[in-house]
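Letter by letter, the chains look like this.
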Amino acid sequence: SRTVAIAGNASAHEAARITAMQIASELGHADALPAIRAAAESPEASVSLRTAAIGALGVSGDKADAERMKRLLDGNPNPRLLPALNAALDRIGQRLQ
């Protein structure tokens, strides 16, 4: 629960949020997904935070998250996000097969 709280806390240190998102996704904490999704889609968030959130969605995201990643790709994202978006789509796709 602490990991979920840190992942969703916008005032927490960025490195702590990144770690919390990674841990929450690896452990399957679905209650962290709303915060992870919000960070992935936030144009105000740093590239590092967005990359971590996208990666976390690749680990624990579902079909709706794959659609979210496709929309982000179609929306002309920051080029530094492209590798993370493509990797997340691949991971979700492999898991859904």
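Coordinates for the structure precede this section.
In this report, the structure presented in the accompanying data block is examined. Computed from a prediction, not measured in an experiment: that's the story for all the values here.

On to the pattern of salt bridges. Taken as a whole and assessed by the stated rule, the structure comprises five salt bridges. For Asp-65, the salt bridge goes to Arg-68, with nearest N and O atoms at 2.5 Å. You can see Asp-65 and its partner Arg-68 sitting in helix α5 (residues 63-74), three residues apart, about one turn around the helix. Of the two residues, Asp-65 and Arg-68, neither departs from the other in class, the shared state being buried.

What follows deals with the packing of α5 against helix α6 (residues 82-96). Where α5 contacts α6, the axes come no closer than 10 Å and their chain directions differ by 155 degrees. Comparing their axes, α6 and α5 come out roughly antiparallel. Crossing of α5 over α6 shows left-handed handedness. Taking contact as the criterion, the partners of Lys-63, Asp-65, Ala-66, Met-69, Lys-70, Leu-72 and Leu-73 in α5 are, on α6, Leu-82, Leu-85, Asn-86, Ala-88, Leu-89, Ile-92 and Leu-96. Considered class by class, the residues forming the contact of α5 with α6 number 10 nonpolar, one polar and three charged.

On to the environment of Ala-32. Within the secondary structure, Ala-32 sits in the loop between α2 (14-27) and α3 (33-41). Considered as a pair, Ala-32 and Arg-91 are 59 residues apart in the sequence and their alpha carbons are 19 Å apart. The residues touching Ala-32, leaving out its near neighbours within four places in the chain, are Val-4 and Ala-24.

A few words on the nonpolar core. Residues Met-21, Ile-36, Ile-54 and Met-69 are the most contacted members of the largest nonpolar core, which totals 27 residues. Elements supplying a minimum of two residues to this core: α1 (2-7), α2, α3, α4 (47-60), α5 and α6.

Parameters and conventions
Residues numbered from 1 in each chain as written. Predicted model: local features only at pLDDT ≥ 70, side-chain atom pairs only at ≥ 80, totals over all residues. Heavy atoms only, no water. Salt bridge = Lys/Arg side-chain N within 4 Å of Asp/Glu carboxyl O. Helix = DSSP H or I, 4+ residues; strand = E, 2+ residues; numbered from the N terminus. Buried < 20%, exposed > 50% of the residue type's maximum accessible area, 1.4 Å probe, protein only. Axes fitted to C-alpha atoms, helices over the stretch in contact; angles between N-to-C directions. Parallel < 35°, antiparallel > 145°, perpendicular 65-115°, else oblique. Left-handed = near helix turned anticlockwise from the far one by under 90°. Contact = heavy atoms within 4.5 Å. Nonpolar A, V, L, I, M, F, W, Y, C, P; charged D, E, K, R; others polar. Core = buried A, V, L, I, M, F, W, Y, C linked by side-chain atoms within 4.5 Å.

Just geometry here; none of it tells us what the structure is for.
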